[in-house]
Amino acid sequence: MAASRFNHKGLFVATFTPMKENGDINPDVVPAYVDHLLRSGIVGIFVHGSKGEGLSMTVAERKLMAETWLAASKGKLKTIIHVGAIALRDAQELAAHAESNGADAIAAIPSYYFAPRTPVELATSLQSVAAAAPNTPFLYYHNPAITHIQMDMSVFLTIAKTHIPTLCGMKYTGSDLSGASRCLLDHGLEFEIMWGPEDVLLGALALGMKSFIGSCYSFAAPIANRIIEAAEAGDFEAARSEQKKLKKLKDLAERFGDPVSTFKALTVIVGVPVGPTRAPLRALNAKEMQRFQSTLQEEGCLKWLTESD
């Protein structure tokens with residue numbers, strides 16, 4: 001059994017980093033963001049992942065935002081702080097900071113500029129990051145679309161648990177349900193396999209997964225919770241109907257720009273002023289935002305964002 005298990009079920013939001021129009025971080029928005037997530041039925045947050053633009057922020061900015069999220073979420077939401085960075089020493093510094101400020105868990109992608117080539121190299125590269133927070137559960141953040149690190153994650157978990165005493169699971173943001181299923185079958189009693197891609201949430205549920213992390217849950221948590229509730233009740237027709245809504249929202253948003261910018265726009269639409277993205281991403285301008293909202297209305301999607309459970 002892993003030394004420190006992070007065992008929490010339900011929806012975790014991969015949070016967006018609130019920013020001002022000039023691209024500066026905007027920590028003042030975080031308490032209202034947390035309140036919105038609580039009303040939406042969220043159980044936890046994953047801070048500074050890909051959609052949170054963590055790797056576009058300085059170490060000082062990430063520390064300040066982590067402190068803000070942890071303070072606002074204390075006693076309300078479970079917290080996972082992503083500490084991965086290109087520079088290993090930055091990741092170690094962020095890991096130690098997250099532990100000292102009371103994070104429930106940390107997560108990390110590896111330093112992928114000089115990418116690990118084997119499961120042993122990957123486990124070794126993450127070992128020193130986890131060791132910087134020796135009393136905090138550690139999750140590997142598997143995101144091959146970003147890192148281009150493709151390997152059997154079940155084999156990695158087998159090796160990593162001998163290197164990382166605090167290993168408690170992974171955020172699986174690979175697109176292959178087969179690989180995630182293998183991790184769940186081989187390691188599900190020992191590690192938490194937290195599924196990422198929202199557009200196949202129902203498929204992950206069918207395989208037996210219980211923990212989910214996604215950025216769409218900032219604006220579409222009620223839809224996702226209805227998928228989970230319907231699947232658990234055995235009403236797969238209703239679950240498929242809700243899954244189609246979530247898939248359509250994602251696909252439509254990505255027609256208007258990169259998913260960080262458009263998903264942030266959707267979060268603004270539901271009432272959380274998370275602001276624009278930071279360069280090199282490009283936020284929607286006023287005309288694009290108006291056209292985006294008009295299309296959501298025409299396609300019948302806008303009402304889904306205001307439906308509650």
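Residues numbered from 1 in each chain as written. Predicted model: local features only at pLDDT ≥ 70, side-chain atom pairs only at ≥ 80, totals over all residues. Heavy atoms only, no water.

(A) Structural view of unusual backbone geometry. Cis geometry marks the peptide bond from A279 to P280, where omega comes out at 20°. Along the chain, the position of P280 falls in the loop between α11 (259-269) and α12 (286-298). Positioned with a positive phi, E53 is a non-glycine residue whose angle comes to about 60°. Considering the arrangement of structural elements, one finds E53 in the loop between β2 (44-47) and α2 (59-73). Even without a glycine there, the phi angle at H148 is positive, about 60°. Inspection of the secondary structure assignment puts H148 in the loop between α5 (144-147) and α6 (153-160). (Helix = DSSP H or I, 4+ residues; strand = E, 2+ residues; numbered from the N terminus.)

(B) Just the nonpolar core, in detail. One finds V83, F138, M153, F156, F212, Y217 and F292 to be the most contacted residues of the largest nonpolar core, which totals 88 residues. Top element by residues in this core is helix α9 (residues 217-232). It accounts for 10 residues. Those residues in contact with Y217 that sit more than four places away from it in its chain are L11, F12, V13, I42, E198, L201, F212, A224 and L246. The next biggest cluster of nonpolar side chains, apart from the first, holds 13 residues, and it includes A14, I109, L139 and M194. (Core = buried A, V, L, I, M, F, W, Y, C linked by side-chain atoms within 4.5 Å. Buried < 20%, exposed > 50% of the residue type's maximum accessible area, 1.4 Å probe, protein only. Contact = heavy atoms within 4.5 Å.)

(C) Up close: the packing of helix α4 (residues 119-131) against α6. Remark: α4 packs on α6, axes separated minimally by 9 Å, with the N-to-C direction vectors making an angle of 50°. Here α4 is positioned oblique relative to α6, judged by the angle of their axes. Pair α4 / α6 crosses with right-handed handedness. Residues P119, V120, L122, A123 and L126 of α4 form the contact with α6, whose own contacting residues are M153, V155, F156, I159 and A160. (Axes fitted to C-alpha atoms, helices over the stretch in contact; angles between N-to-C directions. Parallel < 35°, antiparallel > 145°, perpendicular 65-115°, else oblique. Left-handed = near helix turned anticlockwise from the far one by under 90°.)

(D) Fine view of helix α3 (residues 88-100). Helix length check: α3, at 13 residues, gives a terminal C-alpha distance of 19 Å against a target of 18 Å (1.5 Å per residue), a fit within 8%. Taken as a whole, α3 has its buried residues at A91, L94, A95, H97 and A98. Take α3 and look down its axis: the buried residues cluster within an arc of 165°, on one side only. More than 90 degrees from the buried face of α3, the exposed residues found are R89 and S100. Buried residues belonging to α3 abut α2, β3 (78-82), β4 (105-108) and α4. (Expected span 1.5 Å × (residues − 1). Arc of directions from axis to C-beta.)

(E) Summary view of the packing of aromatic side chains. Tallying each qualifying case throughout the model produces 7 aromatic pairs. Note on F46 and Y141: the rings are 5.3 Å apart at their centroids and 75° apart in plane angle, and the pair reads as edge-to-face. You can see F46 sitting in strand β2 and its partner Y141 sitting in strand β5 (residues 138-142), a full 95 residues away along the chain. Using a relative accessible area of 3% as the deciding quantity, one classes Y141 as buried. When the ring centre of F46 is taken as origin, the NZ or CZ atom of K171, which lies over that ring, is 5.3 Å away. (Phe/Tyr/Trp six-rings, centres within 6.5 Å; stacked < 30°, edge-to-face > 60°. Lys NZ or Arg CZ within 6 Å of the ring centre and 35° of its normal.)

(F) Expanded view of the pairing of strand β1 (residues 10-14). Burial within β1 is extensive, with 5 of its 5 residues counted as buried. Relative to strand β8 (residues 211-214), β1 is paired through 4 bridges, and the arrangement is parallel. Bridge assignment links L11 to a residue of β8, and that residue is F212. Across 3 bridges, β1 lies against β2 in parallel orientation. The residue bridging F12 from the neighbouring strand is G44, located in β2. The parallel pair β1 and β2, bridged by helix α1 (residues 30-39), forms a crossover whose chirality is right-handed. (Pairing = 2+ DSSP bridges. Right-handed = clockwise from strand over helix to strand, strands pointing away.)

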